[in-house]
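Notes for the structure review
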Amino acid sequence: MSSKKRILSAIQPTGNMHFGNYFGAVQNWVRLQKEYECVYGVVDYHAMSMPYNPKKLRENTWNILFNLIAVGVDIDNLFIQSLIPEHAELSWIFNCFCSYGQLSRMTQFKDKSLQSKDKASDEFISAGLFGYPVLQAADILIYKADFVPVGKDQEQHLELTRNIAERFNRQVGKEYFVLPETLFTKIPKVMSTADPTKKMSKSAGDKHHITVFAEEARIRKQIKSAVTDTGENTEGKMSAGVENLFSLLEASGKTEAHNSLMDSYNSGSLKYSELKEEVANGLVDLSAVFKARKGEIEGNKKEIKAQIKASSAQIRKRAQQTVREVKELAGLANVKF
Ligand code: TRP
């Protein structure tokens, strides 16, 4: 086993990947692979916690995997959660190390259950949604991860994960689980170019996100029409729209252009059209690389699927080992009777 520290992160299967997803999380996953031993899951069990469509779920699961590979995640580091049923098994065990009160205080549960209530037609709030953070704790602890790179919105779930680990350790009288730490790295906050006060997101509509595999012309058009300055009084501070364009430029790796345009901004001579042109170039260059890889994957889907199944099977061995040890410690029946 290598002495590298371990990273675990996961993503829900959703449709196409946009630059908010990429710069906000996935680009970081790709970078971390150089320094850490990484495992990254596509969490399809989690996706069942909200109303969903079975056919779409399976389609989205494969789709996001192809996308992750296209943007640079190593196949060997990827797994599909439901191909490793030990996650669900450990989640049950952890349910017994976590209180009802704790789960009811989770803000994501409160927000999402309110969301379902808002849609009058769909008031079904699943127990799976309530138990969602326990399954997340299982995802993390099953691989004995040292670090979990996630956004601020997941901090409460990480706190709960450490709590479950501590309660388990106390019960079994052994420091079995290492407490995982949240890895906050400098990640840009990518806002919608059509409304820079909102996060870039798919649910807000087509104008509000730029897909990483989009046609060049579309990317250019969306950046060209980006909101810069709405004439609001920013009290000498950069407007949200311009700030967002600068972050996109920096995130896309165009450091020189970023610095020289920032100098222009500071001296009051920045032309928005030039800033937009550079941002569009940055995104188009990245997208070209992604699209080329995506093309290769499209022509090779069967093979790639087989490789993902194989990597999941390989990663599963680690999960099985943990569950064996946990069952032994927790007093469940084992093979040694
Ligand atoms: N809850 C996470 C999200 O909504 C996804 C997730 C599930 C996750 N299991 C995880 C993230 C384990 C990190 C580690 O983004």
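Quick notes on the rules
- Residues numbered from 1 in each chain as written.
- Predicted model: local features only at pLDDT ≥ 70, side-chain atom pairs only at ≥ 80, totals over all residues.
- Heavy atoms only, no water.
- Phe/Tyr/Trp six-rings, centres within 6.5 Å; stacked < 30°, edge-to-face > 60°.
- Helix = DSSP H or I, 4+ residues; strand = E, 2+ residues; numbered from the N terminus.
- Buried < 20%, exposed > 50% of the residue type's maximum accessible area, 1.4 Å probe, protein only.
- Lys NZ or Arg CZ within 6 Å of the ring centre and 35° of its normal.
- Near = heavy atom within 4 Å.
- Polar contact = N/O pair within 3.5 Å; in protein donor to acceptor, adjacent residues only side chain to side chain.
- Areas by Shrake-Rupley, 256 points an atom, 1.4 Å probe, with all protein chains shown as cover.
- Nonpolar A, V, L, I, M, F, W, Y, C, P; charged D, E, K, R; others polar.
- Salt bridge = Lys/Arg side-chain N within 4 Å of Asp/Glu carboxyl O.
- Disulfide = S-S within 2.5 Å.
- Contact = heavy atoms within 4.5 Å.
- Axes fitted to C-alpha atoms, helices over the stretch in contact; angles between N-to-C directions.
- Parallel < 35°, antiparallel > 145°, perpendicular 65-115°, else oblique.
- Domains from an automatic or database assignment.

1. With respect to the packing of aromatic side chains
In the structure shown here, the tally under the stated rule is 15 aromatic pairs. Look at phenylalanine 246 and tyrosine 265: their rings are 6.2 Å apart centre to centre, the planes differ by 75 degrees, and that puts the pair in the edge-to-face class. With phenylalanine 246 in helix α10 (residues 240–251) and tyrosine 265 in helix α11 (residues 255–267), this residue pair connects regions lying 19 residues apart in the sequence. Assessed through its relative accessible area of 24%, tyrosine 265 is described here as partly exposed. Seen from the ring of phenylalanine 184, lysine 152 lies directly overhead, with NZ or CZ sitting 3.9 Å from the centre. Sitting over the ring of phenylalanine 213, lysine 294 keeps its end group 4.4 Å from the ring centre.

2. A short note on the site of the ligand
Around the ligand, the structure places Leu8, Ser9, Ala10, Val43, His46, Tyr132, Gln136, Asp139, Ile140, Val148, Val150 and Gln154. Interatomic distance of 2.7 Å between a side-chain N/O atom of tyrosine 132 and a nitrogen atom of the ligand. Separating a nitrogen atom of the ligand from a side-chain N or O atom of glutamine 154 is a distance of 3.1 Å. Relative to its unbound accessible area of 370 Å², the ligand is 87% covered by the protein chains. The set of elements that each furnish at least two residues to the shell around the ligand consists of β1 (6–11) and α7 (127–141). Examining the composition of the shell around the ligand, we find that 4 residues originate from one element, α7, more than from any other. Across the shell around the ligand, the residue classes tally to 7 nonpolar, 4 polar and 1 charged.

3. A short note on the pattern of salt bridges
In this structure the tally under the stated criterion is 14 salt bridges. The residue glutamate 216 makes a salt bridge to arginine 220 at a minimum N-O spacing of 2.9 Å. Of the two residues, glutamate 216 and arginine 220 are both situated in helix α9 (residues 216–224); the distance of 4 residues between them amounts to about one turn of the helix. Take glutamate 216: its relative accessible area is 40%, and that puts it in the partly exposed class. With its nearest N and O atoms 3.8 Å apart, the salt bridge here joins lysine 294 to glutamate 298. Taken together, the positions of lysine 294 and glutamate 298, both in helix α12 (residues 272–298) and 4 residues apart, correspond to about one turn of that helix.

4. Some points on the state of the cysteines
With the rule as written, the count across this model stands at 0 disulfides. Left unpaired, cysteine 96 is separated from the closest cysteine sulfur, that of cysteine 98, by 9.7 Å. Taking relative accessible area as the criterion, cysteine 96 reaches 53% and is therefore assigned exposed.

5. Some words on the environment of glutamate 325
Within the fold, glutamate 325 resides in helix α13 (residues 301–330). According to the relative accessible area criterion, glutamate 325 is partly exposed, its value standing at 25%. The sequence separation of glutamate 325 and alanine 288 amounts to 37 residues, and the corresponding C-alpha distance is 46 Å. In contact with glutamate 325, other than residues within four places in its own chain, are Lys144 and Tyr176.

6. Details of the packing of helix α1 (residues 19–32) against α12
Running from N to C, α1 and α12 cross one another at 85 degrees; their axes reach a closest spacing of 13 Å. When the interaxial angle is binned, α1 and α12 end up roughly perpendicular. Contacts between α1 and α12 pair Phe19, Tyr22 and Phe23 from the former with Leu283, Leu286, Ser287 and Phe290 from the latter. Broken down by class, the residue content of the contact of α1 with α12 amounts to 6 nonpolar, 1 polar and no charged.

7. Notes on the domain arrangement of the chain
Here the chain is described as being made up of domain 1 (6–190 + 301–330) and domain 2 (206–296). Centre-to-centre separation of domain 1 and domain 2, based on C-alpha positions: 31 Å. Each partner contributes to the interface: domain 1 provides 18 residues, whereas domain 2 provides 17 residues. Remark: the boundary between domain 1 and domain 2 carries 0 salt bridges. In this assembly, domain 1 and domain 2 are joined by 5 residue pairs in polar contact (both at pLDDT 80 or more). Taken together, the elements giving at least two residues each to the side of domain 1 that touches domain 2 come down to α1 and α3 (54–70). Counting residues per element, the side of domain 1 that touches domain 2 draws most heavily on α3, at 5 residues. Residues belonging to the side of domain 1 that touches domain 2 are distributed by class as follows: 10 nonpolar, 6 polar and 2 charged.

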